[in-house]
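Spelled out from the first residue to the last, the chains are:
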Amino acid sequence: RHLQPASAAAAQSYPVSHDRIESPANTQNFLDNKFVESKATTWLDLHDPATNNLVTRVPQSTDAELVAAVDSAEKAFQSWKNTSLLYRQQIMFKYVALIRENWDRLAASITLEQGKTVADAKGDVLRGLQVAETACGITTQMTGEVLEVAKDMETRSYREPLGVTAAICPFNFPAMIPLWSIPIATVTGNTIVLKPSERDPGACMILAELAEKAGFPPGVVNIVHGSAKTVDFILDEPRIKAVSFVGSNKAGEYIFSRASANGKRCQANLGAKNHAAVLPDCNKNHALNAIAGAAFGAAGQRCMALSTLVMIGETKDWVPEIAERAKALKMDGGFEEGADLGPVISPDAKKRIEELIASAEEEGATILLDGRGKTPEKYPNGNWVAPTIIANVKPHMKCYREEIFGPVLVCLNVETLDDAIELINANEYGNGTAIFTRSGSTAAKFQKEIEAGQVGINVPIPVPLPMFSFTGNKKSVAGGGASTFYGKPGLQFYTQQKTVTSLWRSEDAVANKATVNMPTHS
Ligand code: NAD
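Reading the values: the criteria
- Residues numbered from 1 in each chain as written.
- Predicted model: local features only at pLDDT ≥ 70, side-chain atom pairs only at ≥ 80, totals over all residues.
- Heavy atoms only, no water.
- 1 Å grid on protein atoms, 1.4 Å probe; cavity = no way out; pocket = protein on both sides within 12 Å on 5 of 7 lines; lining within 4 Å.
- Points joined across faces, edges and corners; volume = space filled by probe spheres on them.
- Nonpolar A, V, L, I, M, F, W, Y, C, P; charged D, E, K, R; others polar.
- Near = heavy atom within 4 Å.
- Polar contact = N/O pair within 3.5 Å; in protein donor to acceptor, adjacent residues only side chain to side chain.
- Areas by Shrake-Rupley, 256 points an atom, 1.4 Å probe, with all protein chains shown as cover.
- Sits in = over half its atoms within 2 Å of the grid points.
- Core = buried A, V, L, I, M, F, W, Y, C linked by side-chain atoms within 4.5 Å.
- Buried < 20%, exposed > 50% of the residue type's maximum accessible area, 1.4 Å probe, protein only.
- Helix = DSSP H or I, 4+ residues; strand = E, 2+ residues; numbered from the N terminus.
- Contact = heavy atoms within 4.5 Å.
- Pairing = 2+ DSSP bridges.
- Axes fitted to C-alpha atoms, helices over the stretch in contact; angles between N-to-C directions.
- Parallel < 35°, antiparallel > 145°, perpendicular 65-115°, else oblique.
- Left-handed = near helix turned anticlockwise from the far one by under 90°.
- Expected span 1.5 Å × (residues − 1).
- UniProt positions renumbered as here; feature names shortened; annotations may be inferred.

### Structural notes on empty space enclosed by the protein
Here is step 1 of the chain: The final tally for this structure, using the stated rule, is three cavities of 30 Å³ or more.
Here is step 2 of the chain: Around the largest cavity, the lining is made up of 15 residues, and of these Gly300, Arg302, Ala305, Ser307 and Phe405 lie nearest the centre.
Here is step 3 of the chain: Split by residue class, the lining of the largest cavity holds eight nonpolar, four polar and three charged.
Here is step 4 of the chain: There is about 40 Å³ of room inside the second largest cavity.
Here is step 5 of the chain: Lining the second largest cavity, in full, are Arg127, Gln130, Val131, Met176, Trp180, Val463, Pro464, Pro466 and Tyr486.
Here is step 6 of the chain: For the lining of the second largest cavity, the residue count by class is seven nonpolar, one polar and one charged.

Structure representation (C-alpha cells):
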C-alpha cells in the first residue's frame, strides 16, 4: 500500500534476478563523499544466499582508511555543527525524497545480498525511510527549556551535537538499521562513520550515494567496511564519541563494555526470543495468520520474528493448523513472483539452524513440520530452510534457550495466563512479545506484568514507529536499556545537554559587598 514505483530520476540499472554477475565489482569505501577503492589485503567474499554466486568482495578497510574516515568526519564536524537546523532540515528533506525515488533499487540490493523477498525488502527500506522522515521535524524536536529561576536570572538548557559518532550494523535489515542512525546523528549536527554488515553492505552504499546527492557536505557521512578489526578500531578511537550497535549478544555485549570502558556513549540492541501467548478466546483466524507471517517472514531473520509460541489451554490443539498455513508459504528466490520467504543468510546459518532442529528432536520435542532438506527447484545451491514447527517444547531444551534466527517456530504448552507470563518473564531475552485475546482485562494484565520492550496486543511484530523508540528489556538490550534507538531517546543519545544560567541585572541593583554563601534564590 505504501509502495510507489521508482521515478525516472532513479532509473539506474540494478539487479532484478539472481542471475550470476559476470564480473562482480568490489565494494568500496565512501570517504569525503567519494567512492574509493580499498587498498585492503583482506577481502570477504559476499554470496547471493539464493545461489551462493559471488556478488561482490567486501574489503577489510585498512588502518589508514579507517583513520582517514575519522579525520574526514572530524574535519567536517567543525563546520557541520555550525550549520543551522533549517539548513540541515532542507538536506534531510532531499534525502527523504531521494530514498523514496531509489526505493526499488535499494530493495533490489537487499534481495540480492540478504535474500529476503523484494516486497519484504521494500518494507525494510520503508521502516528506515520513516525514521528519516521523522528527523525532518527536528526543528520542533530540538527545542530546549528555559525558566526564569530568580529575579533577573534565567536558566536555559539546550542540546548540542557530540562530534564524530559511529554505527555498527547487522545483516538482517541492511537499509532500516543504518537509517536508525544516519538521519538522527546528522540532523542533530554530528558526523558519522558507519560500518555496515560485511554480509550485505550494498544498500548502505546506495544510502551513501544518496547522502552526497542530497547535499550532505563531504565527511558528514563516511562508510568503512570489515569485521571485528574495524569494530575494535571504532571502539578504541578516542575521537569517536558515541557508538550505535545492533546485532547479536556475542558481539554486542563486548562492544557495549569496551565502548563504555573507553568513555563513549553506547546504545546496543541485541538478540531476541520473542514469545506470543495465545488464549482460547482470541480471534483464531487472525491469530494463526499473524503467527505464521511473523514466524516465517524474512525466513525468521528479524529481531522481531515471533519465534516462540506459548499455547494456553486448548489452543495447543491449534498448532497443526498453523502448520497448514506455514505449508502454504512459498519459499523461493526473493526476486521470484509469489515468493513468501527467501533463503537464510549463509551456509553456516543453515547448518546452525538445522543442528538446533536436530537437537530438539534428540531432546524429545515433536517436529511437526520439518523444513530441512527442502530446496526450490530453480535454486539448488541456496541456503534453504523451509518453515519448521517444533511442538511440545520444554524450557530446558536448547531450541528454546537459544535464538534460532531462522524460519523455525517453537511451541510450548501451558495451562493458564499466569503460567504464560511466568514462562515469558523467566526467559533471559526481552525484546518483544505478543498476546492474542479478545479480552481487554486479560490484555491489560499481560501488558502490565510482562517484561519485554515491545508488547503487541493482537499484533505480532510491534516494531514501534519512529515517533516512539525501539525499546528493549533484559538481555535484548545492553546497559539495561538506558539508551534506545530513535524517538526521544534517540535524540538524547546523539546530543549533549548544556545548561546555562545567566544574570542580567541593572548596575544600580548590584550590591557593594561580595557574598560567599550558596545562592538561595530567595
Ligand atoms: P552480529 O552480531 O554477528 O553482527 C553485527 C555487527 O557486529 C556486524 O557489523 C559485524 O561485523 C559485527 N561483529 C560480529 N561479530 C563481531 C565480533 N566478534 N567482534 C566485533 N564485531 C563483531 O549480528 P548479525 O548476525 O549481523 O545480526 C543478527 C543479530 O542481530 C540477531 O541476534 C538479532 O536478534 C539481532 N538484531 C537485533 C535487533 C534489535 O533491535 N534488538 C535488530 C536487528 C537484529
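### Considerations on the site of the ligand
Here is step 1 of the chain: Near the ligand lie 28 residues; those nearest to it are Cys169, Glu198, Arg199, Ser248 and Glu403.
Here is step 2 of the chain: Taking Cys169, its main chain carries an N or O atom lying 2.7 Å from an oxygen atom of the ligand.
Here is step 3 of the chain: Protein chains shield 87% of the accessible area of the ligand, which is 840 Å² for the free molecule.
Here is step 4 of the chain: Judged by the fraction of its atoms near the pocket grid, the ligand is located in the largest pocket.
Here is step 5 of the chain: Residue composition of the shell around the ligand, grouped by class: 16 nonpolar, eight polar and four charged.

### A few points about the nonpolar core
Here is step 1 of the chain: Judged by nonpolar contacts, the single largest core of 62 residues is most densely connected at Tyr95, Ile99, Trp180 and Phe216.
Here is step 2 of the chain: It is helix α7 (residues 202-214) that contributes the most residues to this core, nine residues altogether.
Here is step 3 of the chain: Ignoring sequence-local partners within four residues, the contact set of Ile99 consists of Leu106, Val125, Leu129, Leu179, Leu207 and Leu210.

### Some thoughts on unusual backbone geometry
Here is step 1 of the chain: For Phe405, which is not glycine, the phi torsion reads 55 degrees and is therefore positive.
Here is step 2 of the chain: Relative to the elements of secondary structure, Phe405 occurs in the loop between α13 (398-401) and β16 (408-414).

### Some thoughts on the sheet that holds strand β21 (residues 495-503)
Here is step 1 of the chain: Taken together, three strands build an open sheet; the order of strands is β5-β6-β21 and the sheet is antiparallel. Only two strands of the sheet have a single partner each, and these edge strands are β5 (145-150) and β21. When the angles between neighbouring strand axes are averaged without regard to direction, this sheet yields 25 degrees.

### Points about the packing of helix α8 (residues 228-236) against helix α9 (residues 249-261)
Here is step 1 of the chain: Where α8 contacts α9, the axes come no closer than 9 Å and their chain directions differ by 30 degrees. Taken together, the axis directions place α8 and α9 in an arrangement best described as roughly parallel. Crossing of α8 over α9 shows right-handed handedness. Contacts from Val231, Asp232, Leu235 and Asp236 in α8 reach Tyr254, Ile255, Arg258 and Ala259 in α9.
Here is step 2 of the chain: Tallied by class, the residues present in the contact of α8 with α9 amount to five nonpolar, no polar and three charged.

### Considering the environment of Ser181
Here is step 1 of the chain: Here Ser181 shows up in helix α6 (residues 178-187).
Here is step 2 of the chain: The exposure class assigned to Ser181 is buried, which follows from its relative accessible area of 2%.
Here is step 3 of the chain: For Ser181 and Val131, which are 50 residues apart along the polypeptide, the C-alpha to C-alpha distance reads 8.8 Å.
Here is step 4 of the chain: Setting aside its immediate chain neighbours within four residues, Ser181 contacts Ala167, Ile192, Ser244, Phe485 and Tyr494.
Here is step 5 of the chain: Within the structure, Ser181 has its side chain in polar contact with the side chain of Tyr494 (distance 3.1 Å).

### Considerations on helix α2 (residues 85-101)
Here is step 1 of the chain: The first and last C-alpha atoms of α2 sit 24 Å apart over 17 residues, in line with the 24 Å expected at 1.5 Å per residue.
Here is step 2 of the chain: Three or more residues of α2 are buried, namely Arg88, Gln89, Ile91, Met92, Tyr95, Val96, Leu98 and Ile99.
Here is step 3 of the chain: Summarising the contacts, the buried residues of α2 are in contact with α1 (63-80), α3 (103-114), α4 (118-135), α5 (138-141), α6 and α7.

### Here we look at the UniProt feature "domain: Aldehyde dehydrogenase" (unreviewed entry) in the chain
Here is step 1 of the chain: Mapped onto the present numbering, the UniProt feature "domain: Aldehyde dehydrogenase" (unreviewed entry) falls on residues 35-500.
Here is step 2 of the chain: In the segment residues 35-500, helix accounts for 39% and strand for 21%; the C-alpha atoms at its two ends are 42 Å apart.

### With respect to helix α12 (residues 347-362)
Here is step 1 of the chain: Across its 16 residues, α12 extends 22 Å between first and last C-alpha, which sits within 8% of the 22 Å expected from 1.5 Å per residue.
Here is step 2 of the chain: Of the residues flanking the end of α12, it is Gly364, one or two places downstream, whose phi is positive at about 100 degrees.

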